[in-house]
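# A closer look at the structure
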Amino acid sequence: MINPKYFFKGLLCVRRLDSPAIALGASFVAIGALLKNLGFTIQESIFSTFLTYALPGSLIMAESMFVGASLLNIFLAVWLVNSRLYPMTVSLMPLLLHEKQPRWKYYLSCHFVAVSSWLIVKSNYENIEKENRIDFWIGIGTATWLIAIFSTILGYLASDFLNKDMMIGLAVVNPIYFMCAMIGVMKTNSLSSAIILGAILGPSFYLISPQWSVLFGGVLAGTIAFFIGERYGD
Amino acid sequence: MATNIILAILVTSFATYISRFFGVLTSEKINEKSKIYRWFNCLAYSTLAALISRILIFPSGDLGETSFLIRIIVILLSIFIFFITKRNLVYPTVFSAIIMSLLNSYLT
């Protein structure tokens, strides 16, 4: 089973002042308030963060529902937006894999893969022996997941007591957090092109089709960025 | 809101988990230098950028009640704070909320 020593060691990693978990919490407060504004009940809001635990996915679901998108559209848009979790998982799991650990731990704990938890484990895993890293990771994932759930509840409840200017302030937290996180990863030609072109083409396609703008803009921008990366190298 | 909320949440969760699941499944075999991996990676970041940019330029909900000029000021100040704090994500995130609230309160 899970080694409590390493589980709690991971759990307590989120205490640091510069921890990405703080930004995560602030962002999910905004998500809680956003879901409230879109007509979700508190149970539905908790259910959403509990099951999804990926901010852009929740955001795109909420935004897509706001413009009346179909379930297929939501599925494709969320899958594409959250497909970044695939390379993140691929680049993380080999660091945690150990033959003595059961496979279910990896398939269950992959639910915790998100930008915040990923950043925390990437900067701390080297201090942990490989055999215990999966339990350490489960601790980190549990902590950030719980922060997200409680922040969603807090945001949902607080939205009733916040004035309009505060709500507007909270609403900007999500995009600003991810905008800065993306600027932080603009270190190669392909990623820089993908992010800059995506930022231009997303709103451009909105003028043609609000429902499909993220999908079309993202696919076109990503494909062009891929060829730029192939042509000019990283 | 035409789409059932619970169904939308389940679809969102499933669409999210499959990337994580296949990430574990293939983590021992996939070559991070392969072309398919690189293309997929570009799509992930470009789609996220498209979403965030669209939210900031064509916002809905509360953010839609702010002026474009105020949003641009908040974006530029947040990027400035991000760089002067050595790429810390906490400061621009927290300050963006404060700056946005203050600007919207006093300039509109």
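What you see is a predicted model, and the numbers here were worked out from it, not measured in a lab. (Residues numbered from 1 in each chain as written. Chains lettered and ligands numbered in written order. Predicted model: local features only at pLDDT ≥ 70, side-chain atom pairs only at ≥ 80, totals over all residues.)

## Topic: the overall build of chain A
Summing up its helical and strand segments, chain A has 13 helices and zero strands in all. The order of helices and strands in chain A, counted from the N terminus, is α-α-α-α-α-α-α-α-α-α-α-α-α. Here chain A has a C-alpha radius of gyration of 19 Å; the compact-globule value for 234 residues is 17 Å, and the two agree. Summarising its shape, the C-alpha atoms of chain A cover approximately 55 × 55 × 35 Å along the three principal directions. With 234 residues in all, chain A has 56% of them scored as buried. Sequence separation of at least 24 residues holds for 79% of the intrachain contacts in chain A that already meet a minimum separation of 6. (Helix = DSSP H or I, 4+ residues; strand = E, 2+ residues; numbered from the N terminus. Rg over C-alpha atoms; globule rule 2.2 N^0.38 Å. Buried ≥ 20, exposed ≤ 12 C-beta atoms within 10 Å, placed from the backbone. Contact = placed C-beta atoms within 7 Å.)

## A few points about the overall build of chain B
Helix and strand counts for chain B come out as four helices and zero strands. Its helices and strands in sequence order give chain B the pattern α-α-α-α, from N to C terminus. Its C-alpha radius of gyration of 19 Å places chain B more than 25% over the 13 Å reference for a compact globule of 108 residues. With 108 residues in all, chain B has 48% of them scored as buried.

## A look at unusual backbone geometry
One non-glycine residue, Tyr-53 of chain A, lies in positive phi territory at about 45 degrees. Note on placement: Tyr-53 of chain A falls in the loop between helix 3 (42-52) and helix 4 (55-66). Unusually for a residue other than glycine, Arg-87 of chain B sits at a positive phi of about 60 degrees. Examined against the element boundaries, Arg-87 of chain B turns out to sit in the loop between helix 3 (68-84) and helix 4 (90-107). Judged by local crowding, Arg-87 of chain B falls into the partly exposed class, with 13 C-beta atoms found within 10 Å.

## A closer look at the domain arrangement of chain B
Domain boundaries in chain B define domain 1 (1-30), domain 2 (31-58) and domain 3 (66-108). Put simply, the middle of domain 2 of chain B and the middle of domain 3 of chain B, counted by C-alpha atoms, are 24 Å apart. (Domains from an automatic or database assignment.)

## Considerations on the packing of helix 4 of chain A against helix 5 (residues 71-82) of chain A
Residue and element names in this part refer to chain A. Packing of helix 4 against helix 5 leaves a shortest axis separation of 9 Å and a crossing angle of 155 degrees. On the basis of their axis angle, the class for helix 4 and helix 5 is roughly antiparallel. For the pair helix 4 and helix 5, the sense of crossing is right-handed. Residue-level contacts link Pro-56, Gly-57, Ile-60, Met-61 and Ser-64 of helix 4 to Asn-73, Ile-74, Ala-77, Val-78, Val-81 and Asn-82 of helix 5. Broken down by class, the residue content of the contact of helix 4 with helix 5 amounts to seven nonpolar, four polar and no charged. (Axes fitted to C-alpha atoms, helices over the stretch in contact; angles between N-to-C directions. Parallel < 35°, antiparallel > 145°, perpendicular 65-115°, else oblique. Left-handed = near helix turned anticlockwise from the far one by under 90°. Nonpolar A, V, L, I, M, F, W, Y, C, P; charged D, E, K, R; others polar.)

## Some words on helix 1 (residues 4-11) of chain A
Residues and elements named next belong to chain A. Within helix 1, the full set of buried residues consists of Tyr-6, Phe-7 and Gly-10. One side of helix 1 carries all its buried residues, which in axial view fall inside an arc of 105 degrees. More than 90 degrees from the buried face of helix 1, the exposed residues found are Pro-4 and Lys-5. Buried-residue contacts for helix 1 involve helix 9 (133-158). (Arc of directions from axis to C-beta.)

## Let's talk about the confidence of the model for chain B
All names here are of chain B. Overall, the predicted model of chain B reaches an average pLDDT of 85, with 92% of residues at or above 70. Considering each helix and strand of chain B separately, the mean pLDDT is smallest for helix 2 (residues 35-57), with a value of 82, and largest for helix 3, with 94. Scoring of the predicted complex yields 0.75 for pTM and 0.83 for ipTM. (pLDDT = per-residue confidence, 0-100.)

## Here's the deal with the domain arrangement of chain A
Residue and element names in this part refer to chain A. Assigned domains of chain A: these are domain 1 (4-173) and domain 2 (185-234). Listed as interface residues are seven residues of domain 1 and, on the opposing side, five residues of domain 2. If one sorts the elements of the side of domain 1 that touches domain 2 by residue count, helix 5 sits on top with four residues. The residue inventory of the side of domain 1 that touches domain 2, partitioned by class, reads six nonpolar, one polar and no charged.

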